[in-house]
Amino acid sequence: MPRTPHRLAAGVALLALAAAPLAAQSSPFAADTANTQIKSLVSRLSLDRYKATIKGLTQFGDRQQGTDRNRAAVDWIEAQLKSYGCTPTQRITYDFQPRPRRPRPAGQRSATRRPRQSDFGAGGSRLRGNRGPTGVNRDSLKQPDPQIRALDTPQPTAGQRQEVYCTKVGTEHPDEMYIVGGHMDGLGWGQAANDDGSGTALVMELARVFSMPDVQTSTSIRFILWNNEETGLNGSRAYVEQRAALQGKEDPAGSGKYPEPKWLGMIQHDMMMFDHGMPDANGKLSKTQRPEADVNVEFQSTSKFAAEAQKLAWAFRDANEKYATDYPASVGPHMTNTDSSPFMDLVPAISLRENERGAQIGAGWDPNWHQPTDLYSTYSDDDFRLGLNAAQTTLGAIATLSGARLNK
Ligand SMILES: [Zn+2]
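Residues numbered from 1 in each chain as written. Predicted model: local features only at pLDDT ≥ 70, side-chain atom pairs only at ≥ 80, totals over all residues. Heavy atoms only, no water.

Give a description of the overall build of the chain that names residues and reports values.
Within the chain, the secondary structure is distributed over 10 helices and 10 strands. Taking all 408 residues of the chain together, the buried fraction comes to 52%. For the chain, long-range pairs separated by at least 24 residues make up 80% of all intrachain contacts whose partners lie at least 6 apart in sequence. Carbon and sulfur atoms make up 53% of the accessible area of the chain, which amounts to about 18600 Å² in all. (Helix = DSSP H or I, 4+ residues; strand = E, 2+ residues; numbered from the N terminus. Buried < 20%, exposed > 50% of the residue type's maximum accessible area, 1.4 Å probe, protein only. Contact = heavy atoms within 4.5 Å. Areas by Shrake-Rupley, 256 points an atom, 1.4 Å probe, with all protein chains shown as cover.)

In structure tokens:
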């Protein structure tokens, strides 16, 4: 097509912009604005490493809170963080007393709920289209592998709980930080590979990259693996209760040390791998990752920091466009049922997931959710790659926001 005078004029304007020093900032072409140092940081993530970290977590079965396998997983995660140089590692200690579950009427052995008839889902979402079953499996016999069944058999005891974190200390602003989290506990008589081995491994992989000796950041970043998410966000609530008031305080005075830097934002990762689309009319899912799979970034439109959280979510979408290799990101307003919730009225908070929690996961888009099939062997490389793309998204966004650069 011949160039019209209008197009010529636009071309000249672009050339003029290119000559100006701030051209990159105002260019409409996102890819050109990618920061080469951040690109290089993102390239330190790999599918093989991400998969290996998830595999490592699945050796502890479903990692249900309040069990020895859960405590062993916390120890293992801590050892990995140390080996990455993310030191010192620290732990939050809290007490957890479960509320007794209501006994089921005789004869009722429900493992899965029938799809809800209401159009409205969690977090203010609206459910549309076909639905599949959801619910938590509590029947050991649904796990066909005797080794996994045996591993998942010991049940929780009430009492002390711990969760581990480590911090990349900022060079210019050690008193401010972003919190990057995932939950390490699971349930359902499987291996909790996706829920939430996939989010836990993402956080661990970011801790590894940011802890490399040639990486500097302006603000601090805390990497934390919550416990007790599945019982009602008790681990993240304990963190908020114990540490919100300590924000930004230098301790000891004059030391330049800030045990709890001021919170700039909280980013949660929960179920990162499975986006096979909507169930069919019979509630069944496609066997393969859909080519349109995306990373769902959600904020909560009813939270106190909704405007700032929304801005944060769009910054993540922007980072996805610049740094993620395969899958795009979408932004939605119904963040819910995850460890960013206890933070959302104190600080901008978002979650990243494979699907929207309310409208999609809540409508049965993930048939392995809290089921014995949430095993490492269930997922294909196309599934694992969606989690890797979420890692690239968060790494790119947090590197940008924290002012990351490489020492030459
Ligand atoms: Zn989860």
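Outline the coordination of the zinc ion, supporting the account with residue identities and numerical values.
For the zinc ion, every protein donor is listed as His183 (NE2), Asp195 (OD), Asp270 (OD) and Asp270 (OD), and the spread of their distances is 2.0 to 2.7 Å. With 4 donor atoms in place around the zinc ion and angles of 51 to 147 degrees between them, the coordination shape is irregular. For the zinc ion, all donor residues lie on one chain, and their spacing in sequence is H-x11-D-x74-D. Of this pair, histidine 183 sits in strand E3 (residues 173–183) while aspartate 195 sits in helix H7 (residues 193–210), and the two are 12 residues apart along the sequence. On the basis of relative accessible area, histidine 183 is assigned to the buried category, the value being 0%. (Donors = N, O, S within 2.8 Å, 3.2 Å for Na, K, Ca; no water. Tetrahedral: all angles 85-135°; square planar, octahedral: opposite > 155°, others 65-115°.)

Any details on the side chain of asparagine 355? Residues and values, ideally.
With respect to the helices, strands and loops of the structure, asparagine 355 is situated in the loop between strand E9 (349–353) and helix H10 (381–401). The exposure class of asparagine 355 is buried, given its relative accessible area of 0%. A polar side-chain atom of asparagine 355 sits 3.1 Å from the main-chain carbonyl oxygen of phenylalanine 274. (Polar contact = N/O pair within 3.5 Å; in protein donor to acceptor, adjacent residues only side chain to side chain.)

Mind laying out the packing of helix H5 (residues 68–83) against H7, listing which residues take part and the relevant values?
It is at 9 Å that the axes of H5 and H7 come closest, and there the two elements cross at 25 degrees. Classified by the angle between their axes, H5 and H7 sit roughly parallel to one another. The two elements H5 and H7 cross, and the hand of that crossing is right-handed. Contacts between H5 and H7 pair Trp76, Ile77, Gln80 and Leu81 from the former with Thr200, Met204 and Ala207 from the latter. Taken together, the residues of the contact of H5 with H7 break down into 5 nonpolar, 2 polar and no charged. (Axes fitted to C-alpha atoms, helices over the stretch in contact; angles between N-to-C directions. Parallel < 35°, antiparallel > 145°, perpendicular 65-115°, else oblique. Left-handed = near helix turned anticlockwise from the far one by under 90°. Nonpolar A, V, L, I, M, F, W, Y, C, P; charged D, E, K, R; others polar.)

I'd like a rundown of H10, residues and numbers included.
Residues spaced three or four apart along an α-helix face the same direction, because each turn holds 3.6 residues. Taking 1.5 Å per residue as the helical rise, H10 with its 21 residues ought to reach 30 Å, and the 30 Å between its terminal C-alpha atoms agrees with that figure. Most of H10 is tucked away, with 16 of its 21 residues classed as buried. (Expected span 1.5 Å × (residues − 1).)

Outline the packing of aromatic side chains, listing residues and values.
Throughout the structure, instances matching the rule amount to 11 aromatic pairs. Plain terms: the ring middles of tyrosine 239 and phenylalanine 343 are 6.0 Å apart, the flat faces sit at 40 degrees to each other, and that makes the pair tilted. Here tyrosine 239 is found in helix H8 (residues 234–243), whereas its partner phenylalanine 343 is found in the loop between strand E8 (329–332) and E9, with 104 residues between them in sequence. Phenylalanine 343 matches tyrosine 239 in its accessibility class, with the two residues each being buried. Grouped by ring-pair contacts, the aromatic residues Tyr165, Trp226, Tyr239, Trp263 and Phe343 constitute a single cluster. (Phe/Tyr/Trp six-rings, centres within 6.5 Å; stacked < 30°, edge-to-face > 60°.)

Give me unusual backbone geometry: which residues, what numbers.
Of note, the amide linkage connecting threonine 87 to proline 88 takes the cis form, showing an omega dihedral of -5 degrees. With respect to the secondary-structure elements, proline 88 resides in the loop between H5 and strand E1 (90–96). With omega at 10 degrees, the peptide bond leading from aspartate 195 into aspartate 196 counts as cis. Here aspartate 196 shows up in helix H7.

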